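If you want the building blocks of each chain, they are given just below.
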Amino acid sequence: MTSNNTRILDFKDYEDFGYSARDAYRSIGRRYHWDMSLAESFGPQKLLYATDATLEGFSVWFLAHSNFNEEDNGIWRNSFDGDYIREEWLNQNILHHNKMILDHTVRVVFAKKKSGKYYFMGVYVLDNFEKNDDGNRVKIYKRISTVYPVGENEELARYIKAWEDEEELP
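On a predicted model such as this, the values are computed, not experimentally measured, just so you know. (Residues numbered from 1 in each chain as written. Predicted model: local features only at pLDDT ≥ 70, side-chain atom pairs only at ≥ 80, totals over all residues. Heavy atoms only, no water.)

## Here we look at unusual backbone geometry
In terms of backbone geometry, most residues other than glycine have negative phi values and most peptide bonds are trans. Just so we agree on the cut-off: Numbering of helices and strands starts at the N terminus; helices are DSSP runs of H or I of at least 4 residues and strands are runs of E of at least 2. Under the scheme applied here, a residue whose accessible area is under 20% of the maximum for its type counts as buried, over 50% as exposed, and between as partly exposed, the area being computed with a 1.4 Å probe on protein chains only.
That bond from Tyr-148 to Pro-149 is cis: its omega, -5°, falls within 30 degrees of zero. At Gln-45, a residue that is not glycine, the phi angle is positive and equals roughly 65°. Along the chain, Gln-45 turns up in the loop between α1 (21-32) and β2 (49-50). When its relative accessible area of 82% is taken as the criterion, Gln-45 is described as exposed. With phi around 60°, Leu-48 is a residue other than glycine that occupies positive phi space. Its location among the elements puts Leu-48 in the loop between α1 and β2. Looking at Leu-48, the relative accessible area reads 11%, which means it is buried.

Written as structure tokens, this is what we have:
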């Protein structure tokens, strides 16, 4: 639902959105008419995540710590591997207090690279749950689009239908 003069975010463009997740969210959010009241969710010491942020009802997720910048925060570790993200929870005690672990919404994802700048990575859906060698929970997300807005996308449509029908996710 963007106007004809609004550019599409494309993973291949390798556009950087600066060093601040909050500033990036505000800039991108104005462009795509996201919920601007959620911008503070992307400030310092925040999860850098908000549900129902886009016009489509997608979540927005900024990854400050991942294998791209060789960081984790001691609570979770995010790893990109091709079209997948592994969200590995290192501190299981936080799971009971964190609504993010229970959220299975479609996510528009940005990641911080070694330069310290954020880049658009794509649109992801939950693909699977695993446990690591320590028995900690791991969520696996699959990239379904390298552009945003997504537009017509069969994989996304199947995922949303399965979620609405409470079926096993594709």
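## Digging into the nonpolar core
Quick reminder of the rule: We define a nonpolar core as any set of buried Ala, Val, Leu, Ile, Met, Phe, Trp, Tyr and Cys residues linked to one another through side-chain atoms lying within 4.5 Å.
Counting residues in each nonpolar core, the largest one holds 41 residues, and the members touching the most others are Phe-62 and Phe-110. Listing elements by their share of this core, those giving two or more residues are α1, β2, β3 (59-63), β6 (107-112), β7 (118-131), β8 (137-145) and α2 (154-164). Per element, the largest residue contribution to this core is seven residues, and it comes from β7.

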